[in-house]
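Per-entry structural report
Here's the letter readout for the chains.
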2 protein chains.
Amino acid sequence: MLKNIQDSPLYNMANPKSVVFFGASNNLSAMGSNILNSLIKGGFKGTIYAVNPKENEVQGFKAYKSVLDLPEVPDLAVLVVHTSIVCRTIDECGRKGVKRAVVVSAGFKEVGGDGIQLEKELVETAARYGIRILGPNCLGVANLHLRMNTTFFPLPEKAGFIGLASQSGSFVTQVFNYLEQYNLGFSTAFSVGNEANVDIVDCLEYLGACQDTKVIALYIEGIKRGRAFVETARAIVPHKPIVALYVGGSETGRKAAFSHTGSMAGPDKLYDGIFRQSGVVRAGSLVEMFDMCWTLGSSPLPAGRNLIIQTNSGGPGAAAADACGRLGLSLPSLAPDTLEKLKPYVPHTASVNNPIDLTFTRNPMDYTTVIPEILAGDSRSDILLIYFLMPYLMVIDTLKQMGLEHEKAVEEAAKLVDSQADIIARLIKTSGKPVVGFTYRKLDERSIWSLIERGVPVFPCEERTARALNALCLYRELKEKITRSPGV
Amino acid sequence: MLKNIQDSPLYNMANPKSVVFFGASNNLSAMGSNILNSLIKGGFKGTIYAVNPKENEVQGFKAYKSVLDLPEVPDLAVLVVHTSIVCRTIDECGRKGVKRAVVVSAGFKEVGGDGIQLEKELVETAARYGIRILGPNCLGVANLHLRMNTTFFPLPEKAGFIGLASQSGSFVTQVFNYLEQYNLGFSTAFSVGNEANVDIVDCLEYLGACQDTKVIALYIEGIKRGRAFVETARAIVPHKPIVALYVGGSETGRKAAFSHTGSMAGPDKLYDGIFRQSGVVRAGSLVEMFDMCWTLGSSPLPAGRNLIIQTNSGGPGAAAADACGRLGLSLPSLAPDTLEKLKPYVPHTASVNNPIDLTFTRNPMDYTTVIPEILAGDSRSDILLIYFLMPYLMVIDTLKQMGLEHEKAVEEAAKLVDSQADIIARLIKTSGKPVVGFTYRKLDERSIWSLIERGVPVFPCEERTARALNALCLYRELKEKITRSPGV
């Protein structure tokens, strides 16, 4: 494990004070221009230099004829130039003393034929000057805390706690918007491309040491340095969870991965073994990977696999119980003192089995206040899952029926759902247990979003919930195993 | 199979010309009042009578002291009264000549003890008068075409093509909003409750004959009449697909189902067998069930399991290929004439393997026009799956860079995405093949919603896409098997 994150070859890529940009012009439909535009729009705070022999100015920056003309040695070079001039440009960077480069340009190993030779030349040129390269055929870096970005799309405003290393650039830049739907975001994300002399293991090591990263996500089409991967992961897992999506295990996935990055994928079982040995939790889809990151980054670890499900609807309760049970979570009966404490709050129609089906509570507020508090305190259970139903418009309607005028009702409804969300969010801290929700309402409905904003994961599907809760249990189990016998 | 849908005991429940309502008052926080309010707000066109001995008027309707006082015999009685007076009320309805009732009231078999005896009495009372009852302990009916609704929430504006029969009332009323997110909706949905003398098989039979229903969804905690279920399903499947979610197969699901509706669930394998024999496609979650309904209700059936995936991003392509491959879908290489036709439209960086990774197209419009047209025509493939990326704001930005003012750019962008969506939607008809999309953008983004509105399913996850496509293949296979040997 890295003692000092600054020792990582990726440090100056993710945290450069100055960047020299090759391949941008004033024609914004060109890829290089688009990426420079993203960097500027995202609010990068460092110095930007543009090299373009044909222009005097590029997007408001003075255009230098050559990197050799720059007034200083920049921390990082970003290349979005034609394949044929990549090596020459890296050579010039080397002569200037630049030590880090992101090569977005494609047309190397992944296209086969001449591309393979070209990539060899690129690696040799870089080696001559001790330059570390991310790519080629990548989208580079998005560091949301420092507003550093070499991908297509401008950075979203909010940084998050997910560190990503990806063998697909799309899964960096194209999921900015996806993560925002869950109030999630990247801390730093890397697109590794062909991994010429910096690979996914280097990224893993960096993210393991990154203070802003609470959980690491990996999109993998094939791992080259298997042993280094296992060792690095095992050093990180006792401190930080790692989730991986591997797509090369099926015949169709293997072929697609090969066609995409030229990765030599291995059979599913091999990767299952590598992940288990590494303490990495495996996800089955991109959605599942980020769902797992959500619970792992926002919940305390459960002591075991015992779960209470709180609902006011039998069907959603049964569906969630079934989904959880299939993944090896258990639903114990409630402890006697829990039953005693619940008594004043449950109507005669309710079932206090597990799932608890409250049907109606005497006071609707109880559902999100005193009842979850009692249930989170149950000595037999490790996790509390709550079904959230109440449509926000009905809260407003109810307040209006109580005599409030529309505007006042809206205002009071907002206060109400916020105060309820505060209680649930606080419960995660005071109980030390995961408290997670699920719903079939839209997540951006005020009453649901209020919870999500406060760090309570609420999933839009019982199956996704079960998998994300299972990830918490799996991680705890894997972590304990590694902590007990740390050697590989 | 029903010759005439009017012969179904459910016909007058879903299509009553007049309804008598028991248990509503002017206190809208009471359940009965809430349900009557939903019925009124939803725009029910028939006659409503309210029976309430304590009021003169209920929510604007004259309150009758007794059903016997009504000026006509209503088609349907809806009961949301205290458990203790349900039998007496049914008896009065019988004396009046009412033949159909929805009993929302709970506290019968599902609570055990006295409730079991009470349900027996209810069934006997109904039998005396030949009354068919939906429930007790149910939410009854939502017929979106006739605006008939006995559930909590007002009906959404748009009817859809999904017919649902559910052993959970929540999965009727609480998913109105859920389905709207996908531009989906119910034709008619039934909550069957304790199935006193009308059961899920009766509902299945009704939905099989219902002209507005293109696909049938079933939420099942336990089937009582196994043989009747199989026979009814097998009669429907050659004409209409059936999808089922069964949650009683795991230990946790079985217990939860028993606690919910008192259903005696059976092992997973037994139900797998029943579904296979019935030609029913099994779903693993509520979300998956409705995803399957989406493709089954909007796509032609594919001739086989061969799929082309069109992307402009390697990662999403590989992830989708892997997800599809794991479910037994195949990705053949493109036919030679397809490759020939594609040539003018693909850049040198593209991969014309399958998945096709176009990276950039020379003209961005090609991606949603000529390229899918060529691919849908490929003789080796049965299904086209397209990855949709382009953020709508970037379309607007691009138009602004071309010199358009903001408002004009927004207007033109809307026209552009609509015309592209028209082409894709038309392709489903002209090619006779399923054309489906996936994306990690929000579905309500203009460029995605434009497709969805036109009947093109676009899924927010590669795994969900794969399962929904697999449902098309499974249905075709099951249907063929039954058509070949129709006997049970």
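Reading guide: rules and limits
Residues numbered from 1 in each chain as written. Chains lettered and ligands numbered in written order. Predicted model: local features only at pLDDT ≥ 70, side-chain atom pairs only at ≥ 80, totals over all residues. Heavy atoms only, no water. Helix = DSSP H or I, 4+ residues; strand = E, 2+ residues; numbered from the N terminus. Rg over C-alpha atoms; globule rule 2.2 N^0.38 Å. Buried < 20%, exposed > 50% of the residue type's maximum accessible area, 1.4 Å probe, protein only. Contact = heavy atoms within 4.5 Å. Areas by Shrake-Rupley, 256 points an atom, 1.4 Å probe, with all protein chains shown as cover. Salt bridge = Lys/Arg side-chain N within 4 Å of Asp/Glu carboxyl O. Phe/Tyr/Trp six-rings, centres within 6.5 Å; stacked < 30°, edge-to-face > 60°. Buried area = accessible area lost by both parts, 1.4 Å probe. Polar contact = N/O pair within 3.5 Å; in protein donor to acceptor, adjacent residues only side chain to side chain. Nonpolar A, V, L, I, M, F, W, Y, C, P; charged D, E, K, R; others polar. pLDDT = per-residue confidence, 0-100. Axes fitted to C-alpha atoms, helices over the stretch in contact; angles between N-to-C directions. Parallel < 35°, antiparallel > 145°, perpendicular 65-115°, else oblique. Left-handed = near helix turned anticlockwise from the far one by under 90°. Pairing = 2+ DSSP bridges. Least-squares fit on C-alpha atoms with pLDDT ≥ 70 in both. Expected span 1.5 Å × (residues − 1). Right-handed = clockwise from strand over helix to strand, strands pointing away.

To continue, consider the overall build of chain A. Scanning chain A from terminus to terminus reveals 18 helices and 19 strands. Computed over its C-alpha atoms, the radius of gyration of chain A comes to 26 Å, within 12% of the 23 Å expected for a compact globule of 488 residues. Seen along its three principal axes, the alpha-carbon backbone of chain A occupies a region of about 80 × 55 × 40 Å. Taking all 488 residues of chain A together, the buried fraction comes to 63%. Contacts in chain A between residues at least 24 apart in sequence constitute 72% of all its contacts with a sequence separation of at least 6. On chain A, roughly 18000 Å² of surface is accessible, and the fraction owed to carbon and sulfur atoms is 52%.

This paragraph deals with the pattern of salt bridges. All names here are of chain B. Scanning all chains against the criterion turns up 62 salt bridges over all chains. As a salt-bridge pair, Arg 128 and Asp 91 come within 3.4 Å of each other at their nearest N and O atoms. Taken together, the residues Arg 128 in helix H4 (residues 114-129) and Asp 91 in helix H3 (residues 86-96) connect sequence positions 37 residues apart. A residue is classified by how much of its surface remains accessible, and Arg 128, at 56% relative accessible area, is exposed. Among the ionic pairs, Glu 412 bridges to Lys 408, the shortest N-O distance being 3.6 Å. Of the two residues, Glu 412 and Lys 408 are both situated in helix H16 (residues 406-431); the distance of four residues between them amounts to about one turn of the helix.

Time to look at the side chain of Asn 177 of chain A. Mapped onto the elements, Asn 177 of chain A comes out in helix H6 (residues 176-180). Not counting the four nearest positions on each side in its chain, Asn 177 of chain A is found in contact with Tyr 440, Arg 441, Lys 442 and Glu 445 of chain B.

Further remarks concern the packing of aromatic side chains. Counted according to the given criterion, the structure contains 36 aromatic pairs over all chains. For the pair Phe 438 of chain B and Tyr 440 of chain B, a centre-to-centre distance of 6.2 Å together with 85° between the ring planes defines the contact as edge-to-face. Here the two residues Phe 438 of chain B and Tyr 440 of chain B agree in accessibility, since each one is buried. In textbook terms, an aromatic cluster arises when at least three aromatic residues are bridged by ring pairs, as seen for Phe 171, Phe 176, Tyr 178, Tyr 182, Phe 186, Tyr 219, Phe 290, Trp 294 and Phe 459 of chain A together with Tyr 387, Phe 438 and Tyr 440 of chain B.

Right, let's talk about the interface of chain B and chain A for a bit. Between chain B and chain A, the contact holds 64 residues from the first and 64 residues from the second. For the pairing of chain B and chain A, the buried interface totals around 4900 Å² over both sides, and the portion due to carbon and sulfur atoms is 57%. On inspection of chain B and its partner chain A, the count reaches six salt bridges. Glu 463 of chain B is paired through a salt bridge with Arg 467 of chain A; the nearest N and O atoms lie 2.9 Å apart. The interface formed by chain B and chain A contains 24 residue pairs in polar contact (both at pLDDT 80 or more). Among the elements that line the side of chain B that touches chain A, the one with the most residues is helix H12 (residues 314-326) of chain B, at nine residues. Of the residues contributing to the side of chain B that touches chain A, the split by class is 29 nonpolar, 20 polar and 15 charged.

Let us look at the confidence of the model for chain A. Of the residues in chain A, 99% reach a pLDDT of 70 or more, and the chain-wide mean stands at 94. The ipTM for the predicted assembly is 0.93, set against a pTM of 0.95.

Before going further, it helps to examine the packing of helix H12 (residues 314-326) of chain A against helix H18 (residues 462-484) of chain A. Residue and element names in this part refer to chain A. With their axes 8 Å apart at the nearest point, H12 and H18 run at an angle of 40° to one another. By the criterion of interaxial angle, the relationship of H12 to H18 is oblique. You can see that H12 and H18 cross each other, and the crossing is right-handed. In contact with Ala 319, Ala 320, Ala 323 and Cys 324 of H12, H18 contributes Glu 462, Glu 463 and Ala 466.

For the rest of this paragraph, the subject is the sheet that holds strand S15 (residues 307-311) of chain A. Residues and elements named next belong to chain A. An order of S16-S15-S17-S18-S19 is seen for the five strands of this open sheet, with the pairing classed as parallel. A strand with exactly one partner marks an edge of an open sheet, and here the two such strands are strand S16 (356-357) and strand S19 (458-459). In this structure, S15 lies alongside S16, joined through two bridges in parallel fashion. Its bridge partner lying in S16, Gln 310 is registered against Ile 356. Running over the sheet, H12 touches S15, S16, strand S17 (383-387) and strand S18 (435-438) and is turned about 160° from S15.

The two copies are related by a screw motion: chain B maps onto chain A through a turn of 180° and a shift of 0.0 Å along the axis, at an RMSD of 0.0 Å. In short, the pair behaves as if placed about a two-fold rotation axis. Same-surface contact between copies: 100% of interface residues of chain B are shared with the interface of chain A.

Checked against the element boundaries, Ser 313 of chain B lands in the loop between strand S15 (307-311) and H12. Among the polar contacts made by the side chain of Ser 313 of chain B, one reaches the side chain of Ser 170 of chain A at a distance of 3.1 Å. In this structure Ser 313 of chain B touches Ser 170 and Gln 174 of chain A together with Asp 357 and Tyr 387 of chain B, once residues within four positions along its chain are discounted.

Residues and elements named next belong to chain B. Across its 13 residues, H12 extends 18 Å between first and last C-alpha, which sits within 8% of the 18 Å expected from 1.5 Å per residue. Within H12, 11 of the 13 residues are buried, leaving the element largely enclosed by the surrounding structure. Considered for burial, the residues of H12 that qualify are Gly 314, Gly 315, Pro 316, Gly 317, Ala 318, Ala 319, Ala 320, Ala 321, Asp 322, Ala 323 and Cys 324.

Quick look at unusual backbone geometry now. Residues and elements named next belong to chain A. The peptide bond linking Gly 135 to Pro 136 adopts the cis configuration, its omega dihedral lying at 0°. On the secondary structure map, Pro 136 appears in the loop between strand S7 (132-134) and strand S8 (140-143). For Asn 183, which is not a glycine, the phi torsion comes out positive at approximately 55°. With respect to the helices and strands, the residue Asn 183 is situated in the loop between H6 and strand S11 (186-191). You can call Asn 183 partly exposed: its relative accessible area is 22%.

Turning next to the environment of Gln 420 of chain A. All names here are of chain A. You can see Gln 420 is positioned in helix H16 (residues 406-431). The exposure class assigned to Gln 420 is buried, which follows from its relative accessible area of 14%. In this structure, the C-alpha to C-alpha distance between Gln 420 and Leu 451, residues 31 residues apart in sequence, is 8.4 Å. Sequence-distant contacts of Gln 420, that is, excluding residues within four places in its chain, are made with Met 365 and Thr 368. In this structure the side chain of Gln 420 is engaged in a polar contact, spanning 2.7 Å, whose partner is the side chain of Thr 368.

This part takes up the sheet that holds strand S4 (residues 61-64) of chain B. Residue and element names in this part refer to chain B. Pairing is mixed across the open sheet formed by seven strands, whose spatial order is S3-S4-S2-S1-S5-S6-S7. Pairing within the sheet leaves two strands with one partner each, and these edge strands are strand S3 (57-58) and strand S7 (132-134). Summarising the sheet, strand S5 (residues 76-79) and strand S6 (residues 100-103) pair through three bridges and their orientation is parallel. Residue pairing for S6: Val 78 is matched across the bridge by Val 102. Lying over the sheet, H3 contacts strand S1 (18-22), S5, S6 and S7, oriented at roughly 165° with respect to S5.

Residue and element names in this part refer to chain A. With five of five residues buried, strand S1 (residues 18-22) lies mostly within the body of the structure. Of the two faces of S1, both are covered, the one formed by Ser 18, Val 20 and Phe 22 as well as the one formed by Val 19 and Phe 21. Here S1 pairs with strand S2 (residues 47-51) via five bridges, running parallel. When the bridges of S2 are listed, Val 19 appears paired with Ile 48. On the question of chirality, the crossover connecting S1 to the parallel S2 by way of helix H2 (residues 31-41) is right-handed.

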